[in-house]
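Survey of secondary and tertiary structure
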Amino acid sequence: MEPNAQAAPARITIDCRLPPGGERSLRDDVLDGLTRPFKEVPPKHFYDARGSELFEQICELPEYYPTRTERAILEDQAAAIAERTGAAELVELGAGYATKTRILLSALEDAGTLRRFIPVDVSEATVRGCADALVREYPGLEVHGLVGDFERHLLHLPDPCGRRIIAFLGGTIGNFPPGSRRRFLRTVAARLGPEGWLLLGTDLVKDARTLEAAYDDAAGVTAEFNRNVLRVMNRDLGADFDVEAFDHVAFWDPDREWIEMRLRSRGRQTVRFPDLGLTVHFAPREELRTEISAKFTRTRAAGDLAAAGLELVDWFTDPDELFALSLARLV
Ligand code: AVJ
């Protein structure tokens, strides 16, 4: 056996910051969001095993251009990003299976600067699986997994081991409304270290038809993904949503320049949450907001970054200007 095959596990550390039974935040979010006049559940609760699988399917849909477009931009620009940053360390927020990350890791390895990868994800199984695979694929790479919620656990990131890139890909920054988006970017900026870089993926403002098709695909996968949040509440909170009694709604809001997803109750309904001592009523056609996905222009991205003390240095986009990757550093 080659020596590396045995040495590999020593290059992995995992820091688990989620309390066992991490449904606490779902309870709080439901108590907050479903007792308001305009009902809302935050989008992070889509992603149980089934929701994550449905999201993977969304990424392959012909209508859902962001994933493949971002991957193409990364493939084109990875060497430029490696050269610009000289990074020893890559932190990825919401890493998942780190498929796109490999493009960056390989470019940093080719540049000879790569030392450590820090995936941050709420799923311990995903973080462990990804760490195991990556130490095998990248000889000498250290992986420090952080199991946690990137909105709450960024303070547990270790200090940088050299120049750091924090990557937040996929356009997930668009899930934050403008105010908390800037607050979140400030938290990220505080963890960059002296010569660190933020690599931020943003979906761009475009025609309403393209955008609405991406969130209301012909095969109905996004509709299932949307309804999955009801299944999550049924399973984790003992609720009794009639999942099929809600219609998927996705629309472009041209004033706010974001996509909204909602679930519309077909009729009058009463939903019980016995674990929470909560009963929720839906009027006919009443809507529950499940996601906003804000879209960007270069000006909006630069403005949000500036509000967090960051300077937009490189703006990489595709020929059709569907999606963009920003490289930013502390001013
Ligand atoms: C994972 C937040 C980037 O907003 O496009 C895909 C989630 N929702 N289809 C997005 C999503 C519906 C996705 N992000």
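I will try to describe carefully the structure that is included in this document. Note that the structure is predicted; figures quoted are calculated from it, not measured.

How each quantity is defined
- Residues numbered from 1 in each chain as written.
- Predicted model: local features only at pLDDT ≥ 70, side-chain atom pairs only at ≥ 80, totals over all residues.
- Heavy atoms only, no water.
- Pairing = 2+ DSSP bridges.
- Helix = DSSP H or I, 4+ residues; strand = E, 2+ residues; numbered from the N terminus.
- Axes fitted to C-alpha atoms, helices over the stretch in contact; angles between N-to-C directions.
- Buried < 20%, exposed > 50% of the residue type's maximum accessible area, 1.4 Å probe, protein only.
- Right-handed = clockwise from strand over helix to strand, strands pointing away.
- Near = heavy atom within 4 Å.
- Polar contact = N/O pair within 3.5 Å; in protein donor to acceptor, adjacent residues only side chain to side chain.
- Areas by Shrake-Rupley, 256 points an atom, 1.4 Å probe, with all protein chains shown as cover.
- Contact = heavy atoms within 4.5 Å.
- Parallel < 35°, antiparallel > 145°, perpendicular 65-115°, else oblique.
- Left-handed = near helix turned anticlockwise from the far one by under 90°.
- Nonpolar A, V, L, I, M, F, W, Y, C, P; charged D, E, K, R; others polar.

Focus on the sheet that holds strand β11 (residues 287-294)
Strand order in the open sheet made by the three strands is β7-β8-β11, with antiparallel pairing throughout. The open sheet terminates on both sides in strands that have one partner only, identified here as β7 (246-253) and β11. Strand-to-strand twist of the sheet, defined as the mean angle between neighbouring strand axes without regard to direction, takes the value 20 degrees.

Quick look at the pairing of strand β2 (residues 89-93)
Along β2, five of the five residues are buried, which leaves the element largely enclosed by surrounding structure. Side chains of β2 alternate between two faces, with Glu-89, Val-91 and Leu-93 and Leu-90 and Glu-92 buried alike. Pairing geometry for β2 and strand β3 (residues 116-121), over five bridges, is parallel. Bridging across to β3, Leu-90 finds its partner in Phe-117. Between β2 and its parallel partner β3, the chain crosses via helix α5 (residues 101-111), and the hand of that crossover is right-handed. Where β2 lies against strand β5 (residues 164-168), four bridges are found, and the strand directions are parallel. Residue pairing across strands places Glu-92 opposite Ala-167, the latter belonging to β5.

Let's talk about the site of the ligand
Contacts to the ligand come from 14 residues, most closely from Tyr-64, Gly-170, Tyr-215, Glu-291 and Ser-293. Note that an oxygen atom of the ligand is positioned 2.5 Å from one of the side-chain N or O atoms of Tyr-215. For the ligand, an oxygen atom lies 2.7 Å from a polar atom in the side chain of Ser-293. For the ligand, the protein covers 97% of the area, taking 350 Å² as the surface of the free molecule. Broken down by secondary-structure element, the contributors of at least two residues to the shell around the ligand are α3 (49-60), α9 (221-237) and β11.

Some words on the sheet that holds strand β12 (residues 310-317)
Strand order across the open sheet formed by eight strands is β1-β4-β3-β2-β5-β6-β13-β12, with mixed pairing between neighbours. Unpaired on one side and paired on the other, β1 (12-16) and β12 mark the two borders of the sheet. The mean inter-strand angle of the sheet, taken between neighbouring strand axes irrespective of direction, is 20 degrees. The strands touched by helix α4 (residues 66-85) within the sheet are β5, β6 (197-203), β12 and β13 (323-330), with β13 carrying the most contacts at an inclination of about 30 degrees. Its contacts with the sheet put α5 on β2, β3, β5 and β6, and the angle it makes with β2 is roughly 170 degrees.

Regarding the packing of helix α7 (residues 178-190) against helix α10 (residues 298-307)
For any two helices packed against each other, one specifies the inter-axial angle together with the distance between the axes. One way to put it is that α7 packs onto α10 with a least axis distance of 8 Å and a crossing angle of 55 degrees. Taken together, the axis directions place α7 and α10 in an arrangement best described as oblique. α10 is crossed by α7, and the crossing has right-handed handedness. Residues Arg-181, Arg-182, Leu-185 and Arg-186 of α7 lie in contact with α10, whose contacting residues are Arg-300, Gly-303, Asp-304, Leu-305 and Ala-307. In the contact of α7 with α10, the residues fall into three nonpolar, one polar and five charged.

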